[in-house]
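# Observations on chain architecture
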Amino acid sequence: MASTLELLEEHRIFGGWQQRWRHQSAVLNCPMTFSIFLPPPQDDTPPPVVWFLAGLTCTDENFTTKAGAQRVAAELGLVLIMPDTSPRGDAVANDSGYDLGQGAGFYLNATQQPWAAHYRMFDYLSEELPALVADNFKVSDRQSVMGHSMGGHGALVLALRQGGRFASASAFAPIVNPTEVPWGQKAFTAYLGEDRQTWREWDSCLLMREVEQRLPILIDQGDSDQFLADQLRPDRLEAVAREQGFPLELRVQPGYDHSYFFIASFVEDHLRFHAKHLLV
């Protein structure tokens, strides 16, 4: 299956390799890119994987170039996989707003036109891309997931809905209750339609009340984040976690905003958190 992947870039970094690949996605009906960091081999054991899902307006390259995660990942022997945030291309539906359309896939499966033909990011990340990675790279089944903002929402939803797939989950400034905040309501109305019952399976606060798998979760949130009060509200998920007996730690970081400066400051903590649950 290696011929299905086209190598776009490769860079040596901290003894490992940072690569960017393109492939034709059957699920999304368009070409897709993803980035992957392969740590220096430590022995013959396939290394565990941490997925990172990025936020609104981002691609697979934001975390790759801004977070500074490769040094710690190389030390810990972790593979990092950075998918794109949505389908792309001239044939793919789009919107003039930054918070809908290309770059704003919200990691769900759209059911409404014109979005349904391409916007199936949940299926892409739960089925197609993991299978492609497993076929083309030597990686372990031991995997964790993390994300930022819209990608924090995606990481939490993937982890909660796919019980047992991930050893742990974490997020930076995630959208935890999208059914109740403007970003989520706009996207869900467009992608899923007016029936709010169909929205429930994409909301971490609602999912956490229903799932049985209790995986450990770490959330970092800056208290100077301009989106905290009206879009993010991680306190809501913390309250549900307490009520449900979920091992969730919410850390509020004084003075930090919503940017990659914030992510770069705490990404080492997140990778070490995941390593603790992956390398057992």
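Rules behind the numbers
Residues numbered from 1 in each chain as written. Predicted model: local features only at pLDDT ≥ 70, side-chain atom pairs only at ≥ 80, totals over all residues. Heavy atoms only, no water. UniProt positions renumbered as here; feature names shortened; annotations may be inferred. Disulfide = S-S within 2.5 Å. Buried < 20%, exposed > 50% of the residue type's maximum accessible area, 1.4 Å probe, protein only. Axes fitted to C-alpha atoms, helices over the stretch in contact; angles between N-to-C directions. Helix = DSSP H or I, 4+ residues; strand = E, 2+ residues; numbered from the N terminus. Parallel < 35°, antiparallel > 145°, perpendicular 65-115°, else oblique. Left-handed = near helix turned anticlockwise from the far one by under 90°. Contact = heavy atoms within 4.5 Å. Nonpolar A, V, L, I, M, F, W, Y, C, P; charged D, E, K, R; others polar. Pairing = 2+ DSSP bridges. Bend = angle between axes of the 7 residues up to and from the residue. Phe/Tyr/Trp six-rings, centres within 6.5 Å; stacked < 30°, edge-to-face > 60°. Lys NZ or Arg CZ within 6 Å of the ring centre and 35° of its normal.

With an unreviewed UniProt entry as reference, the protein is termed S-formylglutathione hydrolase, source organism Candidatus Pantoea communis. Note on the protein: under the UniProt heading Sequence similarities (unreviewed entry), the record states "Belongs to the esterase D family." Heading Function (unreviewed entry) of the UniProt record for the protein holds this comment: "Serine hydrolase involved in the detoxification of formaldehyde."

### Considering the state of the cysteines
Throughout the structure, instances matching the rule amount to 0 disulfides. Lacking any disulfide linkage, Cys30 is separated from the closest cysteine sulfur, that of Cys58, by 18 Å. Exposure remark for Cys58: the relative accessible area of 8% places this residue in the buried category.

### Some remarks on the packing of helix α3 (residues 121-136) against helix α4 (residues 150-161)
Packing of α3 against α4 leaves a shortest axis separation of 11 Å and a crossing angle of 55°. Viewed along their axes, α3 and α4 adopt a mutual orientation that is oblique. In the packing of α3 onto α4, the handedness of the crossing is right-handed. From α3, Phe122, Leu125 and Ser126 reach across to α4, where they touch Val157, Leu158 and Arg161. Of the residues that constitute the contact of α3 with α4, the class distribution is 4 nonpolar, 1 polar and 1 charged.

### Considerations on the sheet that holds strand β4 (residues 49-53)
Strand order across the open sheet formed by 9 strands is β1-β2-β3-β5-β4-β6-β7-β8-β9, with mixed pairing between neighbours. Across the chains shown, the open sheet's two edge strands, defined by having one partner strand only, are β1 (6-13) and β9 (248-253). When the angles between neighbouring strand axes are averaged without regard to direction, this sheet yields 15°. The strands that α3 touches are β2 (16-25), β3 (30-38), β4 and β5 (79-83); relative to β2, the one it contacts most, it runs at about 120°. Against the sheet, α4 makes contact with β4, β6 (143-148), β7 (166-172) and β8 (217-222), and its axis sits at roughly 150° relative to β6, the strand it touches most.

### Examining α3
Maximal helix bending in α3 amounts to about 30°, located at Glu128; proline Pro130 follows within four positions. Listing the buried residues of α3 in full gives Met121, Phe122, Asp123, Tyr124, Leu125, Ser126, Glu128, Leu129, Pro130, Leu132 and Val133. Buried residues along α3 sit in contact with β2, β3, β4, β5 and α4.

### Quick look at the environment of Ile175
Looking at the element boundaries, Ile175 is found in the loop between β7 and α5 (182-192). Looking at Ile175, the relative accessible area reads 0%, which means it is buried. Residues Ile175 and Pro234 lie 59 residues apart in sequence; the distance between their C-alpha atoms is 7.4 Å. Sequence-distant contacts of Ile175, that is, excluding residues within four places in its chain, are made with Phe106, Ser149, Met150, His153, Val181, Trp183, Gln231 and Leu232.

### Let's talk about the pairing of β5
Across the 5 residues of β5, 5 count as buried, placing the element largely inside the fold. Burial along β5 is two-sided: Val79, Ile81 and Pro83 facing one way and Leu80 and Met82 facing the other are all buried. The pairing of β3 with β5 spans 4 bridges and is antiparallel. By the bridge assignment for β5, Ser35 is matched with Met82.

### What to know about the environment of Asp195
As for its placement among the helices and strands, Asp195 is situated in the loop between α5 and α6 (204-207). A sequence separation of 41 residues divides Asp195 from Arg236, and the C-alpha atoms of the two residues are 23 Å apart.

### Considerations on the packing of aromatic side chains
In this description, an aromatic ring pair is defined by two values, namely the gap between the centres and the angle between the planes. Tallied over the entire structure, the rule returns 14 aromatic pairs. Taking the centre distance of 5.8 Å and the plane angle of 65° together, the rings of Phe262 and Phe266 count as edge-to-face. With Phe262 and Phe266 both in helix α9 (residues 260-278) and 4 residues apart, this pair spans about one turn of that helix. On the accessibility criterion, Phe262 (0% relative accessible area) is buried. The class for Phe266 is buried, based on a relative accessible area of 11%. Taken together, the ring pairs connect Phe172, Tyr256, Phe262 and Phe266 into an aromatic cluster. Here the basic side chain of Arg161 rests over the ring of Phe122, its NZ or CZ set 4.3 Å away from the ring centre. The lysine or arginine in question, Arg165, covers the ring of Trp51, its NZ or CZ lying 5.5 Å from the ring centre.

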